[in-house]
Amino acid sequence: MNINYNESNKSIEIKDGLKSYAFLINLLMSLNLVTAILNLSDVKVSFGFMKIIWLLLGAVSIFILYNAIFKKSTREKIPVDQIKALNQRSFLGKTKYFIQLKNGKTRDLVDVKSEAEYTKLRAMFTENGILE
């Protein structure tokens, strides 16, 4: 777990490489969307199975890009006054931990993998006055 509290500028510093991972996902989804638009714009070919496949791929790309841009944050330095809560979510038996921000976005904590690390992080947040 590489999450630290910076007391001088009252922020949380997270070093997990999520920013580069999110950039690659956004780039690939953008390329996938452009390819889907180009394949769907061919009016010479009738509407068939391949067009349905490209339509579905384009819709999935739009959904993933929307979530990545408007719902997720990749900031590595988060000011304390922007943090709303520290939460966890379980999906298919796997628990994911994240910081909920006041602007409605969430910052995934990919380095926090166990309940013990989550408890330690929550204690650090409480000790520094970030959470009550």
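About the thresholds
- Residues numbered from 1 in each chain as written.
- Predicted model: local features only at pLDDT ≥ 70, side-chain atom pairs only at ≥ 80, totals over all residues.
- Heavy atoms only, no water.
- Salt bridge = Lys/Arg side-chain N within 4 Å of Asp/Glu carboxyl O.
- Helix = DSSP H or I, 4+ residues; strand = E, 2+ residues; numbered from the N terminus.
- Buried < 20%, exposed > 50% of the residue type's maximum accessible area, 1.4 Å probe, protein only.
- Core = buried A, V, L, I, M, F, W, Y, C linked by side-chain atoms within 4.5 Å.
- Contact = heavy atoms within 4.5 Å.

Student: Describe the pattern of salt bridges, and please don't skip the residues or the numbers.
Tutor: Overall, the coordinates contain two salt bridges when judged by the stated rule. A salt bridge links arginine 107 to aspartate 16; its shortest N-O distance comes to 3.1 Å. With arginine 107 in strand E6 (residues 106-108) and aspartate 16 in the loop between strand E2 (11-14) and helix H1 (18-40), this pair connects stretches of sequence that are 91 residues apart. Neither residue differs from the other here; arginine 107 and aspartate 16 are each classed as buried. Put simply, lysine 72 and aspartate 108 hold a salt bridge, and the shortest N to O gap is 3.4 Å. Note that lysine 72 is positioned in the loop between helix H2 (49-71) and strand E3 (77-79) and aspartate 108 in strand E6, a separation of 36 residues in sequence.

Student: So what's going on with the nonpolar core? Which residues, and what values?
Tutor: Core analysis: the largest hydrophobic core is formed by 19 residues, its most contacted members being Ile12, Ile99, Leu109 and Phe125. Of all the secondary structure elements, the ones that give two or more residues to this core are strand E1 (3-6), E2, strand E4 (83-91), strand E5 (94-101) and helix H3 (115-127). Excluding residues within four positions of it along the chain, phenylalanine 125 makes contact with Ile12, Ile83, Leu86, Ile99, Ile130 and Leu131.

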